[in-house]
Amino acid sequence: MDVMRIEGGNTLSGSISVSGAKNAALPIFAATLLTEETCVLENVPNLSDIRFMAEILEHLGAEVEQTGPTTWKITAKDISHRAPYDLVRKMRASVCLMGPLAGRLKKAEISLPGGCVIGPRPIDMHIKGFTGLGMKVDVDKGYVFLDAEHACGNPIFLGGRHGSTVTGTANVLMAAVLTPGKTIIECAACEPEVVDLCRMLVSMGADIDGIGSPTLTIQGVDRLTGCKYSILPDRIEAGTFLIAGAMAGENLTVTNLRVADQAALIDKLKEAGVPLTIDSESSITVSKSSVPLIPVDVVTHPHPGFPTDVQAQMSTLMSVTPGISIVTEKIFPNRFMHVPELQRMGADIAIEGPNAIVKGQQKLSGAPVMASDLRASAALILAGLVAEGTTWVLRIYHLDRGYDKIDDKLRAVGAVIERLPEKDMPQDLNPEAA
Ligand code: EPZ
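I will try to describe carefully the structure that is included in this document. (Residues numbered from 1 in each chain as written. Predicted model: local features only at pLDDT ≥ 70, side-chain atom pairs only at ≥ 80, totals over all residues. Heavy atoms only, no water.)

**Digging into the overall build of the protein chain**
Item 1. Secondary structure summary: the protein chain contains 14 helices and 24 strands in total.
Item 2. Principal-axis analysis of the C-alpha atoms places the extent of the protein chain at approximately 60 × 45 × 40 Å.
Item 3. When each of the 434 residues of the protein chain is scored for burial, the buried share is 58%.
Item 4. By sequence separation, contacts in the protein chain at least 24 residues apart represent 74% of the contacts at least 6 residues apart.
Item 5. When the accessible surface of the protein chain is split by element, carbon and sulfur atoms take 52% of a total near 16200 Å².
Item 6. Side chains of the protein chain give 39 positive and 50 negative charges; the mean places of these two sets differ by 2 Å. (Helix = DSSP H or I, 4+ residues; strand = E, 2+ residues; numbered from the N terminus. Buried < 20%, exposed > 50% of the residue type's maximum accessible area, 1.4 Å probe, protein only. Contact = heavy atoms within 4.5 Å. Areas by Shrake-Rupley, 256 points an atom, 1.4 Å probe, with all protein chains shown as cover. Lys, Arg positive; Asp, Glu negative; His and termini not counted. Charge placed at Lys NZ, Arg CZ, Asp CG, Glu CD.)

The following block contains the structure:
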């Protein structure tokens, strides 16, 4: 396994570019199962999760080819309806196979995804949606069995304890586009990644109204064509780089983003006093403030609220902002795996239920820390950029799931960061050394 070594205290200047969105690309890859024609997908990020989804589609029988650094060609002509546990268990987003397989083949057999460190990842709302479409749904021996032979369009409410469900909306949507009749999804997720999926489906001939709103109206069609579609920029990667600029930037310009997707984060960064300029609709320049920032409270919500996927990164910024900030996680109440690791670097954070009470310090100190989930790993990288001394981040395979060459991108704007084999880490520093 590799580790990341970061020397803190360097300034980030210049231009850093955002890749395509992981959380759009994954359901969009699954959506290629809805047609026997060829789909060409562009601006696909170079991530382990993408390669893994490609492997699953191939296992199902699709022809999958990466024809360029960010371009994939997928033809799902003769496909199986069954995705086994040994494939599905490694990636939660495999749950998105259910909808397209049930929509196209009228049956699906998909292993239940495991949970993960950010909390249990139930799929009761997905199942509620499939049942609402008239599917027979059985859960047995760790598999979900869908029989969509008699499925038909219907009104479905997809709101749960934590609001809407992103992949639940994607799943039900992908089933509904090939289900006879009219389906209305109320309390649909409005995340930009769901909008991107809708736009890709419409380009294939799907009939969807209300795109971007909490009410999606889908008129089922008999078949869908192939498509050529470019994935939208990753707003979470962009947000991570904006926070990096707020911590260590001197005119760090984040490009290839969509300003419209950053409203909640921009609002909080401005409230904190971060010097930030919107250069265009696809570029923002951000710098570290010459005076201490103002501590701000953050509450995560479904889009367009503050994204849970930027919560850990924002907590890192607040951990070096003198004063008290309260970060409340309403989507995944246990999503604080980054906190014990930040505490090892000197952060003063107390967890009270879904709240992280952050007492901002002037300084963090470099230390060996352990990545745990994708966004917690990013938060540790950010902390390492400003910590005094050297930070070693272990288990960075978590990072590779969702960030396309983050070390190369940060190094190109001045960070001292390198990826090393774990054996090159001083053994007395490695908590995992035998
Ligand atoms: C998607 O996960 C994203 N993943 C997550 O990003 C993101 O954090 C999350 O949406 C929220 O924005 C992908 O798109 C691949 P949800 P998803 O269903 O769809 C509960 C990252 O770091 N819930 O919107 O699994 C659930 O437990 C990842 O890129 C149910 O109770 O999230 C959570 O509390 C992490 N029953 C809340 O709803 C269900 O059937 C929102 O979950 C489904 C969800």
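**Topic: helix α4 (residues 98-105)**
In an α-helix, one turn spans 3.6 residues, which is why side chains three or four residues apart end up on the same side.
Item 1. The buried count for α4 comes to seven of eight residues, which makes it a mostly enclosed element.
Item 2. Where α4 is buried, its residues touch α1 (22-31), α2 (48-60), β7 (107-111), α5 (124-132), β9 (143-147) and α6 (166-176).
Item 3. Immediately downstream of α4, the backbone of Lys 106 shows phi near 65°, a positive value.

**Remarks on the environment of Gly 168**
Item 1. Within the secondary structure, Gly 168 sits in helix α6.
Item 2. A C-alpha to C-alpha distance of 39 Å links Gly 168 and Gly 366, two positions 198 residues apart in sequence.
Item 3. Look past the residues within four positions of Gly 168 in its chain and what remains in contact with it is His 126 and Leu 158.

**Focus: the site of the ligand**
Item 1. Around the ligand sit 24 residues, and of these Met 125, Thr 165, Thr 167, Asp 309 and Ile 331 come closest.
Item 2. A distance of 2.6 Å separates an oxygen atom of the ligand from a polar atom in the side chain of Thr 165.
Item 3. At 2.8 Å, a side-chain N or O of Arg 375 approaches an oxygen atom of the ligand.
Item 4. Here the ligand loses 92% of its free accessible area of 820 Å² to cover by the protein chains.
Item 5. Put simply, the parts of the chain that give the shell around the ligand at least two residues each are α1, α5, α6 and α12 (374-386).
Item 6. Ranked by the residues each element gives to the shell around the ligand, the list is headed by α5, at three residues.
Item 7. A per-class count over the shell around the ligand returns 10 nonpolar, seven polar and seven charged. (Near = heavy atom within 4 Å. Polar contact = N/O pair within 3.5 Å; in protein donor to acceptor, adjacent residues only side chain to side chain. Nonpolar A, V, L, I, M, F, W, Y, C, P; charged D, E, K, R; others polar.)

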